Amino acid sequence: MTSVEENTDHTADSGPSGYAAARLRLLQEESQSGPSRRSALAGLTDTWLNALFATAVRETGVRGATLVAVGGYGRAELSPRSDLDLLLLHDGRAEPRALSALADRVWYPVWDLGVALDHSVRTPAEARRTAGEDLKVHLGLLDARTVAGDAGLLAGLRTSVLADWRNQAAKRLPELHSLCRERAERAGELRFLLEPDLKEARGGLRDATALRAVAASWLADAPREGLAEARRRLLDARDALHLVTGRATDRLSLQEQDQVADRLGLLDADALLREVYEAARVVSYAGDVTWREVGRVLRARAARPRLRGLLGARGDRAGTRAPLAEGVVESDGEAVLALAARPDRDPVLALRFAAAAAQAGLPVSLHAVRRLAAQGKPLPVPWPAEAREQLLTLLGAGEPTVAVWEALEAEGLITRLLPDWERVRCRPQRNPVHTWTVDRHLIETAVRASALTRRVGRPDLLLMAALLHDIGKGWPGDHSVAGETIARDVATRIGFDPQDIAVLGTLVRHHLLLIDTATRRDLDDPATVRTVADAVGSVGTLEILHALTEADALATGPAAWSAWRGSLVADLVARVAAVLRGSTPTAGEPEIPTTEQERLAVEALRTGEPVLALQARQEEDAVGVDLVVAVPDQPGVLPAAAGVLALHRLTVRAADLRSMELPDRLGEVLVLRWRVAAEYGALPQAARLRTDLVRALDGSLDVPAKLADREAAYPRRRGVVPPPPRVTVVPEVSSLATVLEVRAPDAVGLLHRIGRALEAAGVRVRSAHVSTLGANAVDTLYVTTPEGKPLDPGAASALAASVTAALS
C-alpha cells in the first residue's frame, strides 16, 4: 500500500484517501495486534462503507436495501490484506438501473483503493435460493451481519438461512465434510508442511470455519478446549504474513518465516512453525472428533425408524457394549471406558485402553480420554510389566496406532507417560526428504516397524527403538548421541532390564549407521565392515538394527528408501553378520563383472575409447535408468563423464566408480555405474552420450565452459539460500584409501566440479559412492596417491580444502 498523509485518529471519511490513511496508521501501530486489530480494522471498514452507502443511497434514491458483510468480514475478522465479501441485499422494489448505480457507487471506491472485493446483489429470496444451490454461499451467509442500511432485511434472511441449515443438516454436513476432505488432499496437512497454507491445508482456517458451521447445525459440536486459541494463533500468523509480504497470501513460504516469527515476537522460524503446527493439531483433532460425531448422529437418525420396525417389543439393542479389555468396551463404534472402570485406582488403564482401541482398529471416545487425563493415576517408576506390555501392544498395532496416539497426545496423556516427548512434539524437520514432524515420524516408524516384527527375535526392542530413535532431536548437538542418553533413561523408567537398556541405547545411537555406511562407504574395504561390527556388537542387535533402518527410511519419505538402497543395506548386514559370527573381514576380491559389463570393458580395451549402455531398471519403485560406462583407465574420467551427463540434463540419483581387471587381459578398465533420470523430456541416445564423452576426454569439448554458459542463461531462482558445501576427511573407515565425504546442495555439474578438483590435486579415485536425497547430495570418495596409498593427514586436509573451494 502506498504511503499517505497520516491523520490524528482512526476515523475514516467517505473518501478513499481518508480510509487508506487511517487503515495504514492502524496497521503500523505496535500496540494493536491480534483480535483487537482485526476487529478495529473491520470497524474502520464498516465506518467507511457506511458513509459510502449513505451517500450512494442519497444520490440514487434507492430504498429498501442493506449492505451485508459475509464470511470473514462478517465475523469482523479482517487481516491486513483480506478481501471484502459484500452482499447488496434489496427488497426487489428498486428499478434495476438505480440498483446498479447504487452498487457501482459502493464497489468502485473499494476497487479504486486496490482492495480485493467479492460482491453480489440479491433479494432475500434470491440469496436463500442461491445458498440452497451453493454450499459456499450458504456457509458465508451463516456469518452475515449488517454494515449499513435496513437491518431488518437481513434479520429475516438470517433466520431463514439458519433454519435451512439446520433442517438440511443431514444433506449439507456430508457435503461440507466431502469438501474438507477434497481440500485436504489438494493442500496437504498443515502441521506437516514446511511451507503450509494457513487457510486451505487440513487443520487450517477453513477447517476451523467448517467446525463453526457444524456447531450452527445443532447436530454436533467441536471440542472447544483450545480451539478458539488455536484459531487465533493461525489468524495472527496470517496477519503477520500479510504485513511482511504486503500481499494477500496464506502460504507461509520459507523465505518469509523468519520475518513473520520476528513480527510475532517468536525466537525463530522453527518456533513459528511449531506454534502453527500446534494450532493445526488442535483444529485437526477437533475436526476428527466432530466429523465422527456427525457420522454417528446421522447413522443413528437413519437407523432409528428401521430399528423400531424390526425390533418392536424386543427393545433397542443399539446401546450394546462389547468388552475389549479389562475396563474397556466398544460402544457405538468407539472404544470407551466400562461403567465399572476406575482411572483413579488403575494406573495402567490409559495404556490398556489405548492398546485395546488400536488392536480393535477403533477410534477412542473423547469423553473417555478426557476422563483418563483428569482422573488417571500416575504409573509407578519403574513401570509394572503390564504397562510396558500394553505400550508395546499399542505400538505394534500398525496404522490404527496413529489416531489413538494423537487422541491421547491431544489431551496431554503422552507427555505424562513420556515426559521427553514434549521436546519433539510438533517439532519441524527442515529437510525436504522428511514428510513428517519429529513426533509423527517416530509414530510412523513404529507403524512401519510393526510390519517387520516377524523378522527379529526381539520385536519389543524393535518397537521401542522405533519410538525413540529420533528422540534426541529435541536437544542440542548430535541427535543420535543425545538420543542414546534419553533412550536409556526412558527404558529404565519403563522397566527394561540392564541388558535390554544397553541394546536400546546402541540401536538409538547407531540408527543411521547401516544406511550411511551402505550408501557412502566401500563395503569391500575390511575396515568398513569391522567398524560396523564393533559398533553393533552382536548378531541379535544387528538383526533389530536392520529392521529399524528399513522402518525409519520408509517412515521418512519416498526419497529415503528404494530397492537399491535396501539391497546395499542387506549386503552390508550379511558381511557384518559373518564377522560377528567369527569370520575375519578381508579385502574384497576383484569384482566379478556381469556379462554386459565384461562386454563393454572388452570393447573399451579393444578400441581405446569409452563404451556405454543404457539399461532399464527392474525394480517396481525404480527412478530413471542405469547407465554403465567402461573407459580405459586414464586421467579425467570422472569429471568428464559427470560433465557430459550434466550437459545432457541427466540428474544423477546414485553412482559407483570402480576399477576392473579382466582375466588374461592387459590393462585396467574404469567401470562407472550411474543411476540417472532426465531432468525433463526424454533420455538422450547412448550414441550421443558416447560421442560427447569421447570429445570431453580428448579436450575438444570444453565441458566447464558449456556448463558455465548454461548457468549464466538460467540463473538461480529466488528462494532460501542453502547452507554452504562441507567437505570432511572421514578417519579410520578405510585402511586402503583416504575417505572424503562431500555434503552439498544438489546442483547441475556438482560431481563434475568435484572430479575436476580431485584431478587437479593429482589424486587417484579408487571408488566413488554418490547419493542424492531430495535437494541434497552426499558423495563419498575413496582416494589414494598415484601409487595407490592413502594420503597423509596434511595432504588429506589440503585436498578437502581444495574441493571445498572448488564447490564454493
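Within each chain, residues carry numbers counting from 1 in the order of the written sequence. Where local features are concerned, this predicted model is filtered to residues with pLDDT of at least 70; where side-chain atom pairs are given and counted, the filter is 80 or more; whole-chain, interface and lining totals use all residues. As a rule here, side-chain values come from all non-hydrogen atoms in the structure, and water together with hydrogens is ignored.

Caption draft 1: Up close: the overall build of the protein chain. We count a stretch as a helix when DSSP gives it H or I for four or more residues in a row; a strand needs E for two or more, and each element gets its number in order from the N terminus. In terms of helices and strands, the protein chain carries 31 helices and 15 strands. For the protein chain, the spread of C-alpha atoms along the three principal axes comes to 105 × 70 × 50 Å. Note on exposure labels: buried denotes an accessible area under 20% of the residue type's maximum, exposed denotes more than 50%, and partly exposed covers the range between, all computed with a 1.4 Å probe on protein chains only. When each of the 808 residues of the protein chain is scored for burial, the buried share is 52%. Considering only contacts in the protein chain between residues 6 or more positions apart, those separated by 24 or more positions represent 69%. Roughly 36300 Å² of accessible area belongs to the protein chain as shown, and the carbon and sulfur atoms make up 51% of that amount. Charge convention: Lys and Arg are scored as positive, Asp and Glu as negative, and His as well as the terminal groups of each chain are ignored. In plain terms, the charge of a residue is placed at NZ if it is Lys, CZ if Arg, CG if Asp and CD if Glu. Of the side chains in the protein chain, 99 bear a positive and 106 a negative charge, and the two mean positions are spaced by 5 Å. Should any heavy atoms of two residues lie within 4.5 Å, those residues are considered in contact. Every accessible area reported is derived by Shrake-Rupley at a probe size of 1.4 Å, with residue values counting cover from the shown protein chains alone.

Caption draft 2: Representation of the packing of helix 13 (residues 349–360) against helix 14 (residues 366–375). Between helix 13 and helix 14, the shortest axis-to-axis distance is 10 Å and the interhelical angle comes to 160°. By the angle between their directions, the pair helix 13 and helix 14 is classed as roughly antiparallel. Crossing of helix 13 against helix 14: the hand is left-handed. Where helix 13 approaches helix 14, its residues Leu349, Ala350 and Phe353 are matched on the opposing element by Ala368, Val369 and Leu372. Of the residues that constitute the contact of helix 13 with helix 14, the class distribution is six nonpolar, no polar and no charged. Every angle, taken between N-to-C directions, lies between 0 and 180 degrees, and every axis is a line fitted to C-alpha atoms, over only the stretch in contact when it is a helix. To sort the angles, those under 35 degrees are grouped as roughly parallel, those over 145 as roughly antiparallel, those from 65 to 115 as roughly perpendicular, and the leftovers as oblique. A clockwise turn of the near helix away from the far one marks a right-handed crossing, whereas an anticlockwise turn of less than a right angle marks a left-handed crossing. Residue classes follow a fixed rule: Ala, Val, Leu, Ile, Met, Phe, Trp, Tyr, Cys and Pro count as nonpolar, while Asp, Glu, Lys and Arg count as charged, and any other residue, Gly among them, counts as polar.

Caption draft 3: Spatial organisation of the packing of aromatic side chains. Any two rings among Phe, Tyr and Trp, with Trp reduced to its six-membered ring, count as a pair given centres within 6.5 Å; such a pair is stacked if its planes are under 30 degrees apart, edge-to-face if over 60, and tilted if neither. A full pass over the atoms with the stated rule returns four aromatic pairs. Plain terms: the ring middles of Tyr19 and Trp48 are 4.2 Å apart, the flat faces sit at 5° to each other, and that makes the pair stacked. Separated by 29 residues along the polypeptide, Tyr19 in helix 1 (residues 16–28) and Trp48 in helix 2 (residues 34–60) bring together distant segments of the chain. Here Tyr19 falls in the buried class, since its relative accessible area comes to 1%.

Caption draft 4: Representation of the nonpolar core in the model. Residues enter a nonpolar core if they are buried and are Ala, Val, Leu, Ile, Met, Phe, Trp, Tyr or Cys, with the set joined through side-chain atoms within 4.5 Å. In this structure, Phe353, Trp383, Trp405, Leu418, Trp421 and Met464 are the most contacted members of the largest nonpolar core, which totals 94 residues. Not counting residues within four places of it along the chain, the set of residues in contact with Leu418 comprises Trp383, Trp405, Leu467, Val490, Arg493 and Ile494. Counting residues in hydrophobic clusters, the runner-up holds 50 residues, among them Val625, Val631, Leu657 and Ile754.

Caption draft 5: Fine view of the environment of Asp83. Within the secondary structure layout, Asp83 lies in the loop between helix 3 (71–74) and strand 2 (84–90). Under the relative-accessibility criterion, Asp83 is labelled partly exposed at 34%. Along the primary structure Asp83 and Leu504 are separated by 421 residues, whereas in three dimensions their C-alpha atoms are 55 Å apart. The contact partners of Asp83, leaving out residues within four places of it in the chain, are Leu78, Ala116 and Leu117.

Caption draft 6: Region of interest: unusual backbone geometry. Here the residue pair Val381 and Pro382 is connected by a cis peptide bond, since its omega of 0° sits within 30 degrees of zero. Relative to the elements of secondary structure, Pro382 occurs in the loop between helix 14 and helix 15 (385–395). Even without a glycine there, the phi angle at Ala76 is positive, about 60°. Note on placement: Ala76 falls in the loop between helix 3 and strand 2. Look at Arg649: it is not a glycine, yet its phi comes out positive at around 55°. Its place among the elements puts Arg649 in the loop between helix 27 (637–647) and strand 10 (650–661).

Caption draft 7: Layout of the pattern of salt bridges. Each reported salt bridge corresponds to a side-chain nitrogen of Lys or Arg within 4 Å of a carboxyl oxygen of Asp or Glu. Per the counting criterion, the structure on display carries 54 salt bridges. Residue Arg238 is joined to Asp250 by a salt bridge in which the shortest nitrogen-to-oxygen separation is 3.7 Å. A residue pair is termed long-range when its members are at least 10 positions apart, and Arg238 in helix 10 (residues 227–245) and Asp250 in the loop between helix 10 and helix 11 (254–263) qualify at twelve residues. Taking the relative accessible area as the measure of exposure, Asp250 reaches 17% and is therefore buried. Here the salt bridges do not stand alone but share partners, grouping Glu189, Arg191, Arg202, Asp288, Glu406, Arg440 and Glu444 into one network.

Caption draft 8: Region of the structure containing the sheet that holds strand 4 (residues 145–149). DSSP calls a pair of strands paired once it identifies at least 2 bridges connecting them. Strands sit in the order 3-2-1-4 across an open sheet of four strands; the sheet is mixed. Of all strands in the sheet, those with a lone pairing partner are strand 3 (117–122) and strand 4, marking the two edges. When strand polarity is set aside, the average angle formed by the axes of neighbouring strands in this sheet is 25°. With six bridges joining them, strand 2 and strand 3 adopt parallel strand pairing.

Caption draft 9: Inspection of the packing of helix 27 against helix 30 (residues 750–760) at higher detail. Interhelical geometry of helix 27 versus helix 30 gives an angle of 160° and a closest axis separation of 8 Å. With respect to helix 30, the element helix 27 is oriented roughly antiparallel. The handedness of the crossing between helix 27 and helix 30 comes out as left-handed. Here Val637, Leu638, Pro639, Ala642 and Gly643 of helix 27 lie close against helix 30, whose contacting residues are Leu751, His752, Gly755, Arg756 and Glu759. The residue makeup of the contact of helix 27 with helix 30, split by class, is five nonpolar, three polar and two charged.

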